[in-house]
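# Reading the structure
Listed below, chain by chain, are the residues.
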Amino acid sequence: VLSGKNKAKLLGTCLDSSYTKIVKDYEDLERRFSVVKIKEPTKQQMVKLINDNLKEHTQESQLTFDFDVLSFLQKYQSKFTARIFNPDATLTVIDKAVSYAKTAKRKNVTQDDFTQASSDFTGFKPEFFNGNKKMLLNNVTDYIKNRFIGQTAALANVTHPLQELVLNINNESKPVCVELLLGSGGLGKTYLVTLLAQGLFGLENQKAKLIVINGGELANEHDSTKVLGSPPSYVGFGEENLCDKFK
């Protein structure tokens, strides 16, 4: 709230989705605000923003960067967030990497710092960001093989898309892997998916990254609201639903 002589002005911020769901439905509230649309930066603007941020860290903290930070960030930006040119996510990774160097009382920020910062931010293991994707694939495969016995064909089908990811021959506009595991109860279908999540993200992150939809909880027609959310004017409208977790 900005207050002045006999005046008071209110500045508000919200996501596009929140504005559509909440503010836009109330004419009395909507007409009191002059909407200013904040657009995502272009690629050129994003590059300038990153360079300015790195320059600021160099001047204020007397830090140096031991590698081409811009190339690293451009390569992995799409992993930080679904919106590629998202300054908040990218600058958070930079700040995390700088904090690791400061904590270690170093004047140089290394690629290992950025690798660890990227891993902490996304949940992916560090191997995903330090060029050791092949090692990550081998570790994931061995991790599952040692715990999932006697299902060689199923394991091959699940890990094959990961091989395409490692070789960079996968289609980035499509999901890495879409599989439907079929079989009687108790054979390990859910266990295989859990092992895959543990292998890719680690034990500490697999619960946050593994989204479970129990079909048994969706038997009734009205249960669809658990996935899609409640319609306007109904209880639960605007609250988080399962679809929000995929965004």
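Let me begin by describing the structure that accompanies this report.

Rules used throughout
- Think of each chain on its own: its residues are numbered from 1, step by step along the sequence as written.
- At least 70 in pLDDT is required for a residue's local features to be given in this predicted model, at least 80 for side-chain atom pairs to be given and counted, and no such filter applies to totals for whole chains, interfaces and linings, which use all residues.
- Excluding hydrogens and water, the side-chain figures rest on all heavy atoms present in the structure.
- Per the convention used, a helix needs a DSSP run of H or I reaching at least four residues, while a strand needs a run of E reaching at least two, with both numbered from the N terminus.
- Any residue under 20% of the maximum accessible area for its type is buried, any over 50% is exposed, and the rest in between are partly exposed; the area is computed with a 1.4 Å probe on protein chains only.
- We call two residues in contact when some of their heavy atoms are within 4.5 Å.
- Surface exposure here means Shrake-Rupley accessible area, sampled with a 1.4 Å probe, where a residue is shielded only by the protein chains that are shown.
- A pairing counts as a salt bridge when a side-chain nitrogen of Lys or Arg comes within 4 Å of a carboxyl oxygen of Asp or Glu.
- A helix is expected to reach a length of 1.5 Å times the quantity of its residues less one.
- A pair of aromatic rings is counted whenever rings of Phe, Tyr or Trp (Trp by its six-membered ring) have centres within 6.5 Å, and the orientation is called stacked for planes under 30 degrees apart, edge-to-face for over 60 and tilted otherwise.
- Nonpolar cores are built from buried Ala, Val, Leu, Ile, Met, Phe, Trp, Tyr and Cys residues. Side-chain atoms within 4.5 Å join them into one set.
- Here a polar contact is recorded for every N or O atom pair within 3.5 Å, except that within protein the pair must consist of a potential hydrogen donor and a potential acceptor, and residues adjacent in sequence are included only if both atoms are side-chain atoms.

All right, on to the overall build of the chain then. Summing up its helical and strand segments, the chain has 11 helices and four strands in all. Across the 247 residues that make up the chain, the buried fraction comes to 31%. A separation threshold of at least 6 residues defines the contact pool for the chain, and within that pool the share at least 24 residues apart is 52%. Accessible surface, the chain: about 17,300 Å² in total, of which carbon and sulfur atoms supply 53%.

In total, this model carries two salt bridges according to the counting rule given. Here D52 ties to K48 by a salt bridge, and the two come within 2.9 Å at their closest N and O atoms. Taken together, the residues span about one helical turn, with D52 and K48 both in helix α3 (residues 43–61) at a distance of four residues. You can call D52 partly exposed: its relative accessible area is 38%. Between R106 and D113 there is a salt bridge, with the nearest N and O atoms lying 2.9 Å from each other. For R106, a relative accessible area of 27% translates into the label partly exposed. Judged by its relative accessible area of 6%, D113 is buried.

With that out of the way, let us pick up helix α9 (residues 189–201). Working note: α-helix, 3.6 residues per turn, so residues spaced by three or four point in the same direction. An ideal rise of 1.5 Å per residue puts 18 Å on 13 residues; α9 measures up with 19 Å between its terminal C-alpha atoms. Where α9 terminates, the next one or two residues include G202, which has phi positive at roughly 90°.

A few words on the environment of V227. Counting through the fold element by element, V227 comes out in helix α11 (residues 225–228). Overall, V227 belongs to the buried group, its relative accessible area being 19%. It is 8.5 Å that separates the C-alpha atoms of V227 and I213, two residues lying 14 residues apart in sequence.

Negative phi characterises most residues that are not glycine, and trans characterises most peptide bonds. Backbone geometry at Q62 places phi at a positive 55°, although glycine is not the residue there. Along the polypeptide, Q62 turns up in the loop between α3 and β3 (64–65). What makes Q62 exposed here is its relative accessible area of 54%. Phi is positive for K105, which is not a glycine, with a value near 60°. With respect to the element layout, K105 can be found in the loop between α5 (87–103) and β4 (108–109).

Moving on, we come to the packing of aromatic side chains. Taken as a whole and assessed by the stated rule, the structure comprises five aromatic pairs. On the numbers, 5.9 Å between centres and 70° between planes, the contact of F72 with F114 is edge-to-face. Here F72, found in helix α4 (residues 69–80), pairs with F114, found in helix α6 (residues 111–122); they are 42 residues apart in sequence, far enough to count as distant. Accessibility expressed as a relative area gives 5% for F72, which makes it buried. In textbook terms, an aromatic cluster arises when at least three aromatic residues are bridged by ring pairs, as seen for F65, F67, F72 and F114.

Soluble, globular proteins show a tendency: their nonpolar side chains are buried together. Counting residues in hydrophobic clusters, the biggest one holds 36 residues, and the most contacted among them are L73, I94, V109, F114 and I144. At the level of elements, α3, α4, α5, α6, α7 (133–145), α8 (152–166) and α9 are the ones that each hand at least two residues to this core.

Relative to the elements of secondary structure, S61 occurs in helix α3. The exposure class assigned to S61 is buried, which follows from its relative accessible area of 16%. Polar side-chain contacts of S61 include one of 3.2 Å to the side chain of K102. Each residue touching S61, except ones within four places of it in the same chain, is listed here: E56, K102 and K107.

Everything listed is a geometric property; what it means functionally is a separate question.
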